[in-house]
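Descriptive structure summary
Spelled out, the chains give:
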Amino acid sequence: MQGSDLAQLLLRISVVAIPGIFAITMHEVAHGWVAKSLGDRTAYMLGRLSLNPLKHVDPLGTVVVPLAMLWLSHGSSAFGWAKPVPVAFRNLRHPKRDMVLVAAAGPAANLAMATIWTVAAVSVGSLLPDASTASAWLLYVCEFGIQFNVLLMVFNMIPIPPLDGGRVLAGLLPRSGSNLLDRIEPYGIIIVIVLMLPQVGVLWHVIEPFVRFFLDFFDSIAGLR
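So, a few notes on the structure that sits alongside this text. This is a predicted model, so every value here is computed, not measured.

Cut-offs used in this document
Residues numbered from 1 in each chain as written. Predicted model: local features only at pLDDT ≥ 70, side-chain atom pairs only at ≥ 80, totals over all residues. Heavy atoms only, no water. Phe/Tyr/Trp six-rings, centres within 6.5 Å; stacked < 30°, edge-to-face > 60°. Buried < 20%, exposed > 50% of the residue type's maximum accessible area, 1.4 Å probe, protein only. Lys NZ or Arg CZ within 6 Å of the ring centre and 35° of its normal. Patch = residues over 30% accessible without salt bridge, like charges linked within 9 Å, V, L, I, M, F, W, Y side chains within 5 Å. Areas by Shrake-Rupley, 256 points an atom, 1.4 Å probe, with all protein chains shown as cover. Salt bridge = Lys/Arg side-chain N within 4 Å of Asp/Glu carboxyl O. Helix = DSSP H or I, 4+ residues; strand = E, 2+ residues; numbered from the N terminus. Axes fitted to C-alpha atoms, helices over the stretch in contact; angles between N-to-C directions. Parallel < 35°, antiparallel > 145°, perpendicular 65-115°, else oblique. Left-handed = near helix turned anticlockwise from the far one by under 90°. Contact = heavy atoms within 4.5 Å. Nonpolar A, V, L, I, M, F, W, Y, C, P; charged D, E, K, R; others polar. Expected span 1.5 Å × (residues − 1). Bend = angle between axes of the 7 residues up to and from the residue. Core = buried A, V, L, I, M, F, W, Y, C linked by side-chain atoms within 4.5 Å.

So, about the packing of aromatic side chains. Following the criterion strictly, the structure yields three aromatic pairs and no others. Between phenylalanine 213 and phenylalanine 214, the aromatic rings sit 5.3 Å apart at their centres with planes inclined by 80 degrees, giving edge-to-face as the arrangement. Among the residues examined, phenylalanine 213 registers a relative accessible area of 55% and is labelled exposed. Phenylalanine 214 gets classed as partly exposed once you look at its relative accessible area, which sits at 23%. The aromatic ring of tyrosine 44 is capped on one face by lysine 36, whose charged end is 5.0 Å from the ring centroid.

Once that is clear, we can look at a nonpolar patch on the surface. Together, Tyr187, Ile189, Ile190, Ile191, Ile193, Val194 and Leu197 make up a nonpolar patch on the protein surface, roughly 630 Å² of accessible area in all. Mapping isoleucine 189 onto the fold places it in helix α8 (residues 188-196). What makes isoleucine 189 partly exposed here is its relative accessible area of 43%.

Put simply, helix α4 (residues 95-127) and helix α5 (residues 133-156) touch, their axes get as near as 8 Å, and they point 160 degrees apart. It follows that α4 is roughly antiparallel to α5 by the angle criterion. With respect to the hand of their crossing, α4 and α5 are arranged in left-handed fashion. Between α4, through Pro107, Asn110, Leu111, Met113, Ala114, Trp117, Thr118, Ala120, Ala121 and Val124, and α5, the contact on the second element is made entirely by Ser135, Leu138, Leu139, Val141, Cys142, Gly145, Ile146, Asn149, Val150, Leu152, Met153 and Asn156. Each residue belonging to the contact of α4 with α5 can be placed in one class, and the counts come to 16 nonpolar, six polar and no charged.

The next point concerns the pattern of salt bridges. On inspection of all chains with the given rule, the structure shows three salt bridges. In this structure, aspartate 216 engages arginine 212 in a salt bridge whose closest nitrogen and oxygen atoms are separated by 3.5 Å. Residue aspartate 216 and its partner arginine 212 are both found in helix α9 (residues 202-222); the two are separated by four residues, about one turn of the helix.

Along its 33 residues, α4 runs 47 Å from first to last C-alpha, staying within 8% of the 48 Å computed at 1.5 Å per residue. Remark: the principal bend of α4, roughly 35 degrees, maps to alanine 105, with a proline, proline 107, within the next four residues.

This part takes up the nonpolar core. Among the nonpolar cores identified, the biggest contains 41 residues, and Val102, Ile146, Val150 and Ile158 are the most heavily contacted of them. Mapped onto this core, the elements with two or more residues apiece are α1 (3-37), α4, α5 and α9. Discounting chain neighbours no more than four positions away, the residues touching isoleucine 158 are Leu163, Gly165, Gly166, Leu203 and Ile207.

Let's shift gears to the side chain of threonine 25. Take threonine 25: it is sitting in helix α1. Residues contacting threonine 25, with those up to four places away along its chain left out, are Ser50, Leu51, Pro53 and His56.

The next point concerns the packing of α4 against α9. Where α4 meets α9, the axes come as close as 8 Å, and the angle between the chain directions of the two elements is 25 degrees. It follows from the interaxial angle that α4 and α9 lie roughly parallel. For the element pair α4 and α9, the recorded crossing hand is right-handed. In contact with Leu111, Ala114, Thr115, Thr118, Ala121 and Val122 of α4, α9 contributes Phe214, Phe218, Ile221 and Ala222. In the contact of α4 with α9, the residues fall into eight nonpolar, two polar and no charged.

Right, here's the structure in full:
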């Protein structure tokens, strides 16, 4: 990699690090916080309700995969995940209903953060000169914050366990349906990975309209179109 390419990669890392780590941290903390409020203190007892990113770092999903994606895409894209917050659903006061609320809390947190980054982008555009280096860098950070949170939100709402959407669906279905999803869960990640493969391409075609809808909405408000 040439010096200019390395400089661009380092710049991209500086742009994605703050919103990316904050997005996955808040996603997991939201699960644990809602679980605690509904009767399960597992995450709280393990110290996982902390905003300290080090409590949630997954070496593969938080470090290796995002850096590899940045390297392979020449700094144009990145994705990752944190260690899942442990939730003992049997401890919830109303396990079937509360499972839906706990699962939905993560994507809801990402929706809230996409909104916050949108407000931040509007503020940067209003308070700093358009041509300044600081303004450009901050707007890039805000833009990635919106993109990453929208992607994380939509991706996690795919109704395949153990993704959040799968748990939401399991909580809404009758017992026979939720039992079927429970049997699928051990293979859920494999199913998701296969559907993500370029040769298959099904998953992106399914979620792309939802991703585009939210990105267009937030970007239009933030003036990032």
